[in-house]
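In case you want the letters, here they are:
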Amino acid sequence: MKFNTKTIHGGQQPEPTTGAVMPPIFQTSTFAHAIPGEAQEYEYARGKNPTRTALENSLASLENGTHGFAFASGLAAIDCVLRLLKPGDQVIAGDDIYGGTYRMFTQLFQKYGLEFTYVNMNTVENVTKAITPKTKLVWLETPTNPLMKIADIANISSAVKSVNKEVLIAVDNTFATPYLQQPLNLGADIVMHSATKYLGGHSDLIMGALVVKEEKLAKDIHFIQFAAGAISGPMDSFLALRGIKTLHVRMQRHCENGKKVAQFLENHPKVGKVYYPGLESHPNYAIAKKQMKDFGGMVSFSLNENTKEATFKFLKSTKLFTLAESLGGVESLVNHPVTMSHASIPEKKRLKIGITAALIRLSVGIEAIEDLLADLEQALNI
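Caption draft 1: Fine view of the overall build of the chain. Within the chain, the secondary structure is distributed over 14 helices and 12 strands. Taking 21 Å as the expected radius of gyration for a compact globule of 382 residues, we find that the chain reaches 21 Å, a close match to that expectation. For the chain, the C-alpha atoms occupy an extent of roughly 70 × 50 × 35 Å along the three principal directions. The 382 residues of the chain split such that 57% are buried. A separation threshold of at least 6 residues defines the contact pool for the chain, and within that pool the share at least 24 residues apart is 72%. Accessible area of the chain: about 15,900 Å², with a carbon and sulfur share of 55%. Computed over 39 positive and 36 negative side-chain charges, the separation of the two mean positions in the chain equals 3 Å.

Caption draft 2: Structural view of helix 6 (residues 153-163). Restricting attention to buried positions, one finds in helix 6 the residues Ile153, Ile156, Ser157, Ala159 and Val160. Looking at the buried side of helix 6, the elements it contacts are helix 5 (124-128), strand 4 (135-141), strand 5 (168-172) and helix 11 (285-291).

Caption draft 3: Structural detail: the packing of helix 10 (residues 247-266) against helix 14 (residues 369-380). Running from N to C, helix 10 and helix 14 point in directions that differ by 30 degrees, and their axes come no closer than 10 Å. One way to sum up the angle between helix 10 and helix 14 is to call them roughly parallel. Judged by the twist between their axes, the crossing of helix 10 over helix 14 is right-handed. Residues Asn257, Lys260, Val261, Phe264 and Leu265 of helix 10 lie in contact with helix 14, whose contacting residues are Ile369, Leu372, Leu373, Leu376, Glu377 and Leu380.

Caption draft 4: View of the packing of aromatic side chains. In the structure shown here, the tally under the stated rule is eight aromatic pairs. Measuring from centroid to centroid gives 6.3 Å for Phe105 and Trp139, while their planes differ by 85 degrees, and the two rings are edge-to-face. One end of the pair, Phe105, is in helix 4 (residues 99-109); the other, Trp139, is in strand 4, and 34 residues separate them in sequence. Of the residues examined, Phe105 reaches a relative accessible area of 0% and is grouped as buried.

Caption draft 5: Examining the side chain of Asn335 more closely. One can find Asn335 in strand 11 (residues 333-335). Here the side chain of Asn335 touches Ser341 through a polar contact of 3.3 Å, side chain to side chain. Here Asn335 is in contact with Leu315, Leu323, Ala324, Glu325, Met340, Ser341, Ile360 and Arg361, once residues within four sequence places are set aside.

Reading guide: rules and limits
- Residues numbered from 1 in each chain as written.
- Predicted model: local features only at pLDDT ≥ 70, side-chain atom pairs only at ≥ 80, totals over all residues.
- Heavy atoms only, no water.
- Helix = DSSP H or I, 4+ residues; strand = E, 2+ residues; numbered from the N terminus.
- Rg over C-alpha atoms; globule rule 2.2 N^0.38 Å.
- Buried < 20%, exposed > 50% of the residue type's maximum accessible area, 1.4 Å probe, protein only.
- Contact = heavy atoms within 4.5 Å.
- Areas by Shrake-Rupley, 256 points an atom, 1.4 Å probe, with all protein chains shown as cover.
- Lys, Arg positive; Asp, Glu negative; His and termini not counted.
- Charge placed at Lys NZ, Arg CZ, Asp CG, Glu CD.
- Axes fitted to C-alpha atoms, helices over the stretch in contact; angles between N-to-C directions.
- Parallel < 35°, antiparallel > 145°, perpendicular 65-115°, else oblique.
- Left-handed = near helix turned anticlockwise from the far one by under 90°.
- Phe/Tyr/Trp six-rings, centres within 6.5 Å; stacked < 30°, edge-to-face > 60°.
- Polar contact = N/O pair within 3.5 Å; in protein donor to acceptor, adjacent residues only side chain to side chain.

Here's what the structure looks like:
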């Protein structure tokens with residue numbers, strides 16, 4: 001099936017008992033056993049629930065994987081990946097990653113004996129130079145949050161595997177979604193999503209997802225999911241599956257609007273730097289064009305008046321762009337990384353990679369582009 005068909009039909013079939021076209025919400029914690037001690041498909045909902053199964057099948061289909069897993073949040077999904085490792089193992093990660101991911105790495109798993117090395121993944125060599133005998137996982141985020149850096153998934157995966165084929169390659173695909181790029185096709189072992197964002201698409205659920213191809217890896221992840229218990233509930237699973245059915249049409253509009261917003265900002269006299277991989281001025285434009293179907297709806301920028309006061313005035317002046325955490329919903333949001341999504345990253349590290357108090361991140365929604373540009377114009381001129 002083509003992708004647009006997969007969002008609706010991938011991994012899905014009518015519910016067998018009633019013929020329901022949409023999977024029912026199986027709001028139950030347990031299932032009747034036919035015979036004592038004999039395994040059956042559904043026993044206890046922490047291990048498996050039919051609504052979650054329908055979603056997980058859809059996730060696997062979208063990413064061209066064989067197994068999908070739905071978690072209580074994106075961070076719960078990342079937590080599961082790190083539980084595949086043991087004390088003393090090294091993780092190589094990008095130097096520009098979501099603040100919650102960085103917080104988990106440094107304040108939780110570093111205490112438990114994992115070692116983390118952060119590199120600029122703009123070049124393959126930066127990654128391969130960091131590999132040691134202890135390296136077990138390379139964590140990519142592309143495009144990155146919030147600086148929109150692009151990592152070359154195929155070349156990094158190939159280069160790392162040529163050094164040590166046992167090293168796992170995991171990709172946070174939240175900003176791109178499977179509509180724009182499919183990391184498993186490019187050599188990655190694990191794809192992660194904060195399904196809270198574009199997959200759900202309506203700012204009404206919290207969820208994470210993992211997708212893999214390899215059977216042993218799938219069994220290990222399923223065991224952790226079952227044993228640790230950070231699963232998505234049936235209602236959220238239903239909402240995510242409903243959101244996925246319109247992913248392709250939403251992403252088309254997100255991409256169209258994102259590109260026009262980025263071009264508008266790049267040409268505005270009050271705007272300094274614009275971070276958007278679809279601009280030819282972006283340093284990773286060539287990689288993004290090769291790797292992604294389109295460039296997404298996330299845009300970051302800074303003002304020429306590089307002060308906290310000017311930035312806060314803009315943030316308080318938008319009317320359609322709502323000042324809020326998160327991203328990827330149908331509505332447009334504006335975020336201040338330093339005080340919001342990346343507040344947990346120490347100031348010295350933020351400044352080193354370019355996350356300043358003047359940086360603004362937009363999640364461009366699917367509203368009429370004329371209204372969005374008018375809102376930005378008025379906010380920039382207040």
